[in-house]
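Read off the chains here:
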Amino acid sequence: MIHLTVNERPVTVPAGARLLQAVRAAGVALPTLCYHEGLAPYGACRLCLVTLTSPPPAKLVAACVHPAVAGMIVNTETPEAVASRRLAVELLLSRCPQSEVIKNLAAAMGVRESRFPVSPPEGEMDLCVLCGLCVRVCQEAIGANAIGFVGRGGNRKVSTPFELHSEACLGCGACAEICPTGAIRLENRGPVRILYTWHTRVELHPCPQCGRFFAPQAMAFLPQKFPEIDSLWRLCPECRQQRAARQWVQQQPLDRTGTRSD
Amino acid sequence: MEQFEGPFLLVDPQRCVGCHTCELACAAAHTQAGSIIGAVLARERLHRRNRVVQVDGVKLPVQCRQCQDAPCVRVCPTGATYRTETYTAVDQARCIGCRLCMMVCPFGAIHVATTTVAGQEKRAAFKCDLCVDRIGGPACVAACPTKALSLRHPQREADRASQAAARQFLKALASQPQPGS
Ligand code: SF4
Ligand code: SF4
Ligand code: SF4
Ligand code: FES
């Protein structure tokens with residue numbers, strides 16, 4: 001356990017924790033955008049900047065990545081920290097002026113509009129703030145590596161290699177779920193799942209029982225790793241429930257003999 | 001049924017009348033308010049982890065079977081779905097919404113839906129956690145008007161049975177003439 005101080009409040013966090021955990025443990029609100037508990041910290045959005053007062057010299061650090069060390073003194077409300085976070089959100093706002101999520105974040109920090117010229121990315125990715133969550137989830141968690149950053153500077157964006165249909169994409173949709181601004185467009189259209197943003201179409205299998213399109217073809221490897229779903233991986237969850245219920249009813253006479261009254 | 005080593009919910013289809021009370025109790029038990037009315041007033045989302053289904057004219061709730069070597073836990077890439085000694089559950093803050101757990105659950109016991117985690121809206125996996133945070137155990141068991149649901153502890157029951165058997169064995173031994181005497 002590590003003991004440190006956040007806004008003059010003593011807090012304790014487990015070893016290996018980052019400053020963000022300490023800030024949250026202190027019950028202090030701090031905005032985050034590129035942070036996700038299921039992924040490695042990344043420190044891209046700078047919305048979580050705080051002042052690390054001790055050990056001196058005092059400096060601004062991204063709370064989501066900075067490791068918590070015993071005896072540290074953290075302050076989230078120094079003028080520098082507040083101003084830096086506002087600057088960070090202003091930059092996000094100038095990139096994505098039409099994003100409701102960013103507008104709300106900015107408003108919560110007292111920022112109405114950006115002083116910087118609006119330079120939204122053109123076309124498809126007009127809501128993308130380049131937080132990298134989709135790229136990281138696809139690489140780190142799913143292991144598919146279907147998408148990545150392309151281009152530099154103002155042209156930097158997320159896409160598939162050569163901006164073409166991706167064979168590597170499983171069609172799991174984790175990228176669309178994790179995107180904080182909802183920039184990734186995904187739609188199920190009958191037998192295909194279309195990931196418009198990634199120029200990719202994934203084939204879906206119909207549920208053999210009810211016909212609903214459910215299992216992405218690219219997940220056909222799952223039954224090899226999970227023999228328990230060998231015969232039923234194409235079944236939709238509702239039909240699996242039916243199947244489970246039927247099994248249960250059939251098993252009951254067996255259960256009954258073993259049922260003890262306690 | 002050797003796959004059930006930890007506690008699990010036993011359903012008696014002959015007692016279930018299909019009233020859906022367990023579903024409501026489940027949803028209520030997982031809100032801050034703790035009741036359906038309270039949750040509605042506080043605009044909390046209601047999610048049940050179980051579902052009453054009908055097969056061959058019989059109704060019964062289905063929910064997670066608390067698999068010992070749970071596929072949902074094995075597949076989860078972020079460790080959001082986890083198993084303790086006595087239950088499996090989802091840490092929704094870690095969940096990335098990939099639905100792999102839903103794909104591998106043989107019983108259709110997981111679904112992904114919108115929820116609020118630490119003040120932020122996101123989609124995350126939901127499954128029965130045997131109400132581990134509820135004093136008094138599973139809400140569905142407590143709420144069922146016909147007692148169709150019960151929480152079973154095979155390990156404990158097996159121990160008790162084997163203890164009884166062991167005792168009987170000792171007794172039988174004692175009543176036998178000692179060899180060589
Ligand atoms: S959710 Fe499904 S796979 Fe996971 S423990 Fe429960 S029954 Fe097993
Ligand atoms: S949906 Fe969430 S809980 Fe399920 S496997 Fe993916 S990250 Fe894990
Ligand atoms: S044990 Fe709790 S979580 Fe599981 S189905 Fe019953 S009420 Fe829901
Ligand atoms: S949340 Fe810390 S830099 Fe984005």
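Look up: the structure comes first, before these words.
Throughout what follows, the structure given in this document is the object of discussion. Throughout this document, residue positions are counted from 1 along each chain, in the order its sequence is written. Each chain is given a letter, starting from A, and each ligand a number, starting from 1, according to the order in which they appear as written. With pLDDT at 70 or above as the cut-off, local features in this predicted model cover only qualifying residues; side-chain atom pairs require 80 or more to be listed or tallied, and sums for whole chains, interfaces and linings still use all residues. Only heavy atoms go into the side-chain values, all of them from the structure, while hydrogens and water stay out.

## Some details on the environment of F213 of chain A
All names here are of chain A.
Thought 1: Runs of E in the DSSP output that reach at least two residues are strands. Runs of H or I that reach at least four are helices, and both are numbered from the N terminus. Within the element layout of this structure, F213 appears in strand β11 (residues 213-216).
Thought 2: Between the C-alpha atom of F213 and that of L235, which follows or precedes it by 22 residues, the distance is 9.4 Å.
Thought 3: In this structure, F213 is in contact with G190, P191, L204, H205 and P206, ignoring residues within four places of it in sequence. Contacts were defined at the residue level, with two residues in contact if any of their heavy atoms lie within 4.5 Å.

## A look at the site of ligand 3
Thought 1: The full set of residues close to ligand 3 is L9, C26, H30, N50, C128, D129, L130, C131, P138, A139 and C140 of chain B.
Thought 2: Three categories are distinguished: nonpolar for Ala, Val, Leu, Ile, Met, Phe, Trp, Tyr, Cys and Pro, charged for Asp, Glu, Lys and Arg, and polar for the others, with Gly belonging to the last. Taken together, the residues of the shell around ligand 3 break down into 8 nonpolar, 2 polar and 1 charged. If even one non-hydrogen atom of a residue comes within 4 Å of a molecule or strand, that residue is called near it.

## Brief notes about the interface of chain A and chain B
Thought 1: Each side of the interface is counted separately: chain A has 41 residues, and chain B has 47 residues.
Thought 2: For the pair chain A and chain B, the two sides together bury roughly 3800 Å², of which 57% comes from carbon and sulfur.
Thought 3: Any carboxyl oxygen of Asp or Glu within 4 Å of a side-chain nitrogen of Lys or Arg constitutes a salt bridge here. For the pair chain A and chain B, the interface holds 4 salt bridges.
Thought 4: For R74 of chain B, the salt bridge is made with E228 of chain A, and the minimal N-O distance between the two is 2.4 Å.
Thought 5: Among the secondary structure elements, those contributing two or more residues to the side of chain A that touches chain B are α4 (133-142), α5 (174-178), β11, α6 (222-225) and α7 (237-258) of chain A. Accessible area, probed at 1.4 Å, shrinks when two parts are joined; the buried area is that loss added up over both.

## Looking at the packing of aromatic side chains
Residues and elements named next belong to chain B.
Thought 1: Two rings belonging to Phe, Tyr or Trp (six-membered ring only in the last case) form a pair when the distance between their centres is within 6.5 Å. Interplanar angles under 30 degrees mark stacking, angles over 60 mark edge-to-face geometry, and anything in between is tilted. A full pass over the atoms with the stated rule returns 1 aromatic pair over all chains.
Thought 2: Look at Y82 and Y87: their rings are 6.4 Å apart centre to centre, the planes differ by 70°, and that puts the pair in the edge-to-face class.
Thought 3: The classification of residues rests on relative accessible area computed with a 1.4 Å probe and restricted to protein chains. Under 20% of the type maximum is buried, over 50% is exposed, and intermediate values are partly exposed. Residue classification places Y82 among the partly exposed positions, given a relative accessible area of 30%.

## A short note on the site of ligand 2
Thought 1: If you check the shell around ligand 2, you find C76, P77, T78, A80, T81, C95, I96, G97, C98, R99, C101 and A125 of chain B and nothing else.
Thought 2: The class makeup of the residues in the shell around ligand 2 is 8 nonpolar, 3 polar and 1 charged.

## Description of the sheet that holds strand β10 (residues 200-206) of chain A
Residues and elements named next belong to chain A.
Thought 1: Two strands form a pair only when DSSP identifies at least two bridges running between them. Reading across from one edge, β8-β9-β10-β11 is the order of the 4 strands in this open sheet, with antiparallel pairing throughout. Strand pairing shows two members of the sheet lacking a second neighbour, β8 (186-189) and β11, which therefore form its edges. The sheet shows a mean angle of 35° between the axes of neighbouring strands, direction not considered. Between N-to-C directions, angles cover 0 to 180 degrees, with each direction set by a line fitted to C-alpha atoms, over the stretch in contact for helices.

## Examining the pairing of strand β3 (residues 49-54) of chain A
Along any regular strand, the residues point their side chains to alternate faces of the sheet.
All names here are of chain A.
Thought 1: Relative to strand β4 (residues 59-62), β3 runs antiparallel, the two being bridged by 4 bridges. Bridging across to β4, L49 finds its partner in A62.
Thought 2: Connecting the antiparallel pair β3 and β4 is a turn made up of 4 residues.
Thought 3: Direction of pairing for β3 relative to strand β5 (residues 73-75): antiparallel, over a ladder of 3 bridges. Note on β5: the bridge partner recorded for S54 is I73.

## Here's the deal with the environment of I178 of chain A
Thought 1: Along the polypeptide, I178 of chain A turns up in helix α5.
Thought 2: You can call I178 of chain A buried: its relative accessible area is 7%.
Thought 3: Measuring from C-alpha to C-alpha, the distance between I178 of chain A and N7 of chain A comes to 30 Å, with 171 residues separating the pair along the chain.
Thought 4: Apart from the residues within four sequence positions on either side, I178 of chain A is in contact with H36, L39, L133, C134 and V137 of chain A together with I96 of chain B.

## What to know about the packing of helix α2 (residues 79-95) of chain A against helix α3 (residues 100-108) of chain A
Residues and elements named next belong to chain A.
Thought 1: Closest axis-to-axis distance for the α2/α3 pair is 10 Å, and the angle between their directions is 150°. When the axis of α2 is compared with that of α3, the two are roughly antiparallel. The hand of the α2/α3 crossing is left-handed. Here V89, L92 and L93 of α2 lie close against α3, whose contacting residues are I102, K103, L105 and A106.
Thought 2: Its residues assigned to classes, the contact of α2 with α3 shows 6 nonpolar, no polar and 1 charged. Here the angle decides the label: under 35 degrees means roughly parallel, over 145 means roughly antiparallel, 65 to 115 means roughly perpendicular, and every other value means oblique. Handedness of a crossing follows from how the near helix is turned relative to the far one, being left-handed for an anticlockwise turn of less than a right angle and right-handed for a clockwise one.

## What to know about the pattern of salt bridges
Thought 1: Summed over all chains, the structure comprises 14 salt bridges over all chains.
Thought 2: Across the pair E238 of chain A and R212 of chain A runs a salt bridge whose closest N-O atoms are separated by 2.6 Å. Taken together, the residues E238 of chain A in helix α7 and R212 of chain A in the loop between β10 and β11 connect sequence positions 26 residues apart.
Thought 3: The class of R212 of chain A is partly exposed, set by a relative accessible area of 37%.
Thought 4: Within the structure, one salt-bridge network assembled from shared partners comprises E177 of chain A together with R99 and R123 of chain B.

## Looking at unusual backbone geometry
Residue and element names in this part refer to chain A.
Thought 1: Cis geometry is found at the peptide bond from S54 to P55, where omega equals 5°.
Thought 2: For P55, the location among the structural elements is in the loop between β3 and β4.
Thought 3: Cis geometry is found at the peptide bond from P56 to P57, where omega equals 0°.
Thought 4: Its place among the elements puts P57 in the loop between β3 and β4.

None of the figures reported here should be taken as evidence of function without further support.
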